[in-house]
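Structural characterization, general
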Number of protein chains: 2
Amino acid sequence: MKRRAFVQTVIALSAFPRQGNWKSWRVNGARVNKHLADLSQYGANPQGGVSRVAFGDADVAGRRFMMDLMREAGLTVSVDPVGNTFGVRPGSRSAALPILFGSHIDSVPEGGNYDGDVGSCSAVEVAHILAERGYRNRHPLHVAIWCDEESGLTGSRGFIGDLPRDEVDRPGRDGVVLAEKIRRIGGDPARIAEARHGPGSIAAYVELHIEQGGMLDERGINIGIVEGIVGIHHYDVTLRGFANHAGTTPMDRRQNAMLAAAELVLIVDRVVRSVEGRQVGTVGRLLVKPGAPNVIPGQVDLTVELRDLSTEKIERLWTQIHEEALASAKKYGVTLDYTLQHTNLPALSTPAVRAVITDAVQGLGLSSQVMPSGAGHDAQDLARIGPMGMIFVPSVKGISHSPLELTRPDDVTNGANVLLQTILRLDQQ
Amino acid sequence: MKRRAFVQTVIALSAFPRQGNWKSWRVNGARVNKHLADLSQYGANPQGGVSRVAFGDADVAGRRFMMDLMREAGLTVSVDPVGNTFGVRPGSRSAALPILFGSHIDSVPEGGNYDGDVGSCSAVEVAHILAERGYRNRHPLHVAIWCDEESGLTGSRGFIGDLPRDEVDRPGRDGVVLAEKIRRIGGDPARIAEARHGPGSIAAYVELHIEQGGMLDERGINIGIVEGIVGIHHYDVTLRGFANHAGTTPMDRRQNAMLAAAELVLIVDRVVRSVEGRQVGTVGRLLVKPGAPNVIPGQVDLTVELRDLSTEKIERLWTQIHEEALASAKKYGVTLDYTLQHTNLPALSTPAVRAVITDAVQGLGLSSQVMPSGAGHDAQDLARIGPMGMIFVPSVKGISHSPLELTRPDDVTNGANVLLQTILRLDQQ
């Protein structure tokens, strides 16, 4: 690998003699961490962290802040019809496809200061360094701040043409239609179809993000090289027994949906753990009806969420869970019905991009580990139209979607440097 | 037993020569069942059953209907300060304590037409028969329609002096203070203390009620003779783990409160079934936080309700449940805290009253079974001030608190006859 890196350097130097020793270029770590701290003011909560929910006032203000940073980094700012913000640095080769890199700045309610923000600030920082170095990129470079990542990858779905019209025109849980919200951040919902980018329209997409799990932190590893974003199967399960008086119905005359639900919860855990691998399975929502202390539960509605890089494995696990849960429900005189409420297909990162990231990590002398992403990311949408890669930095204790979320400044700087060196390498391929 | 009944008859005849063969007296089955049907109009739901929640318009109208029936039965109607309705038939012996009998007519939301109503209409019917027969009772006979049985035995607690002032002045879940509601049904909340009856102030209290369980129906038995009303311990349990991302947190790095809750649900069931007896245990309410499909549950709040005629047994079961659940929670990195939210002490029926009911049942040639009441009843309050007995009639399939609640007309008539013959016997003791 050393040998190959050397050959690449020689090629790069011969192609861009004036770029000098670009492999030694580094981001301004103090600056990117300061921008991260500045961004955390938008939607800041008294107890720490932010509530910068997509399309809210804090999101609007935060996006304006990011546009200012983009301009300082010499980027030309635009907002596409979906509401995604782009900062463009034109390329020298007219036929070259754009290289995209970025993340999101919207948060969950009472979220943290790193999820999305690290990748967004670092992407602008990379552009800033290239401007300061006077780098002549071949490919157009597009720094992307996607909109509304947290509630369903809205911006990146719009970008790849996967945001159905009826979703745009439908009111959300807050009663406001998505179109109205998109307008708030400068989008143009009537022209959403024009935002679509088809397969083959980008050279690559690279996203730097916090791990949101605890593996890198626990093992003291600098960088995670994402092999793919796991697929998700979300099943809605309904268990129906018979609601009855908790005092007058003997134990052997009950059809208690709660007992069948409890068995199912334990079955999910046991089956998911029963095979090798990093698959996860969770019963996160469970509603008991009627839900009174003195009434035997007649119905329980619950969700089963299974995640893995292999859809085939997810389906195999579900088959076993369903079989066992059905048998157990029967034992209690309870019926089990389910629907596959939605699926996210796994999105594998592109081996060639992964190799470039690996090369960049090695060039920086950092430690790394190849790993799946258990969380969904805009990158999974971009993978459908072009080569995709993702870079993870450690989350302290794996805490995320919480004010306690933390990625240490050195790790932010490391991640931004890997992103910088990855973009430089991709541009020169 | 035949011989004893004969002796009693002779005594009865000698004491009340003009009463004739009172043991052959029967209620008017058609009339009591018609009154039951008439009462079911108040608060009737389109899908069947009633929503005659205490203090609501339907309850007010239903109580007015019952007062009219009382007057037709020759009773003198009054409402006590708590809002309980009484129909009085004076007794011939000035020193004799009153015999009380009755039930309630308020229902749960979307309840049935028999819970409370059967006992209320039958009590008035008994008085009606006595009036028609020109019976000269020694004891004053008080037909009672208690108020607000369903949400906490409000009326009977007021009657025995166990309705704290702050409860009267406190707003309920609907935001209306109890005092205001009591006024709606003709009570006088300022004078509630005057409603109190101390121990030794009644000769007996007898209540006819539907079983609300399925035992009598299943075994084809006419009458249940209640040995006591079970005690209830209601525990509020909180399991605390750590809420985290369901995608990025590996299975072996979770503190999933839902898993500990599932184990607890199954432990309650197993421990309660592990010993002989008719005790029951139920987890009826269970709330998962935060309750999102993609978040590992960080907290589960649930209720454990245990019922038995023996408080000692309830406590023994809980000790075992708590011990096992604590160990299981620990296994998952989850903490377990609980509070004993409330207890109802068991109320045993009075052996002498039970014997009179047994005698009445035998005199009518009906089959019977001694059994506990798994549900709470106003009778448990009255047991604290005097002799108490309860008569159960079958509930078809044990269904209660439901529009599907049903007690067949013949069973209503049987129950009313047992009540009539019990009151006659008690009056003549």
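Everything numeric in this text was worked out from a predicted model, so none of it was measured.

Analysis parameters
Starting afresh in each chain, residues are numbered from 1 along the sequence in its written order. Working convention: letters from A go to chains and numbers from 1 go to ligands, in the order in which they are written. For a predicted model such as this one, the threshold for reporting local features is a pLDDT of at least 70, and the threshold for listing and counting side-chain atom pairs is 80 or more; totals across whole chains, interfaces and linings nevertheless cover every residue. Each helix is a run of H or I in the DSSP string that is no shorter than four residues. Each strand is a run of E no shorter than two, and both are numbered from the N terminus. The reference for a compact globule is 2.2 Å times residues^0.38; the radius of gyration itself is calculated from the C-alpha atoms. Whether a residue is buried, exposed or partly exposed follows from its count of other C-beta atoms within 10 Å of its own C-beta, namely 20 or more, 12 or fewer, or something in between, respectively; the C-beta atoms are built from the backbone. Note on contacts: each residue gets a C-beta atom placed from the backbone, and two residues are in contact if those atoms are within 7 Å. These domain limits were set by an automatic method or by a database of domain assignments. For a helix, the expected span equals 1.5 Å multiplied by the residue count minus one. We place the copies in one frame by least squares, fitting the C-alpha atoms of every residue whose pLDDT is at least 70 in both. Of all possible arcs, the one meant is that of the directions from the helix axis to the C-beta atoms. Any residue outside Ala, Val, Leu, Ile, Met, Phe, Trp, Tyr, Cys, Pro, Asp, Glu, Lys and Arg is labelled polar, Gly included; the first ten of those are nonpolar and the last four are charged. Following DSSP output, two strands are said to pair if at least two bridges run between them. Whether a crossover is right-handed depends on one test, that the path from the first strand over the helix to the second runs clockwise when the strands point away from the viewer.

With that settled, the discussion passes to the overall build of chain A. Each helix and strand counted, chain A has 13 helices and 16 strands in total. Radius of gyration (C-alpha) of chain A: 24 Å, near the 22 Å computed for a compact globule of 429 residues. Dimensions of chain A along its principal axes, counting C-alpha atoms only, are 85 × 50 × 40 Å. Relative to its 429 residues, chain A shows a buried fraction of 57%. In chain A, once contacts between residues fewer than 6 apart in sequence are set aside, the share between residues at least 24 apart is 79%.

The next point concerns the domain arrangement of chain A. For an interface, size is often stated in terms of accessible area lost upon the parts coming together. All names here are of chain A. Examined at the domain level, chain A breaks down into domain 1 (2-229 + 347-427) and domain 2 (231-344). When each unit is reduced to the centre of its C-alpha atoms, the spacing between domain 1 and domain 2 is 37 Å. Of the residues lining the interface, five residues belong to domain 1; the matching set on domain 2 comes to six residues.

Moving on to helix H9 (residues 257-273) of chain B. With 17 residues, H9(B) should reach 24 Å at 1.5 Å per residue; the first-to-last C-alpha distance of 25 Å fits that figure. Among the 17 residues that make up H9(B), 15 are buried, leaving the element largely enclosed by the rest of the structure.

The relation between the two copies of this chain is a rotation about an axis and a shift parallel to it. Superposition record for chain A on chain B: RMSD 0.2 Å, screw rotation 179°, translation along axis 0.0 Å. As the rotation angle and translation indicate, the two copies are arranged about a two-fold axis. Identified as the residue of chain A closest to the rotation axis by C-alpha distance is A:Ala262, at 2.2 Å.

Glancing now at helix H10 (residues 311-331) of chain A. Residue and element names in this part refer to chain A. With 21 residues, H10 extends 30 Å from end C-alpha to end C-alpha; this agrees with the ideal 30 Å at 1.5 Å per step. Turning to H10, its buried residues number three or more, namely Ile 314, Leu 317, Ile 321, Ala 325, Ser 328 and Ala 329. Considered in projection along H10, the buried side chains sweep an arc of 95° and stay on one side of the axis. Projecting away from the buried face of H10 at angles above 90 degrees are the exposed residues Glu 312, Thr 319, Glu 323, Ala 327 and Lys 330. The secondary structure elements touched by the buried residues of H10 are strand E7 (231-240), helix H9 (257-273), strand E9 (280-282), strand E12 (299-308) and strand E13 (335-344).

Taken together, the 46 residues of chain A in the interface contact 46 residues of chain B. Contributing elements (two or more residues each) for the side of chain A that touches chain B: strand E8 (244-245), H9, E9, strand E10 (286-289), strand E11 (295-296) and E12 of chain A. Partitioned by chemical class, the residues of the side of chain A that touches chain B number 20 nonpolar, 18 polar and eight charged.

On to the pairing of strand E3 (residues 99-104) of chain B, then. Residue and element names in this part refer to chain B. Burial analysis of E3 places six of its six residues in the buried class, the great majority of the element. Here E3 shows no split at all, with Ile 99, Phe 101 and Ser 103 on one side and Leu 100, Gly 102 and His 104 on the other all buried. Two strands pair when backbone bridges link them, and E3 and strand E4 (residues 141-146) are joined in this way by six bridges, in the parallel orientation. Across the sheet, the residue bridging to His 104 is Trp 146, located in E4. Read from E3 through helix H4 (residues 117-133) to E4, the crossover connection turns out right-handed. Bridge analysis of E3 against strand E5 (residues 204-210) gives three bridges, and the strand direction is parallel. Looking at the pairing, Ile 99 lines up with Ala 204 of E5.

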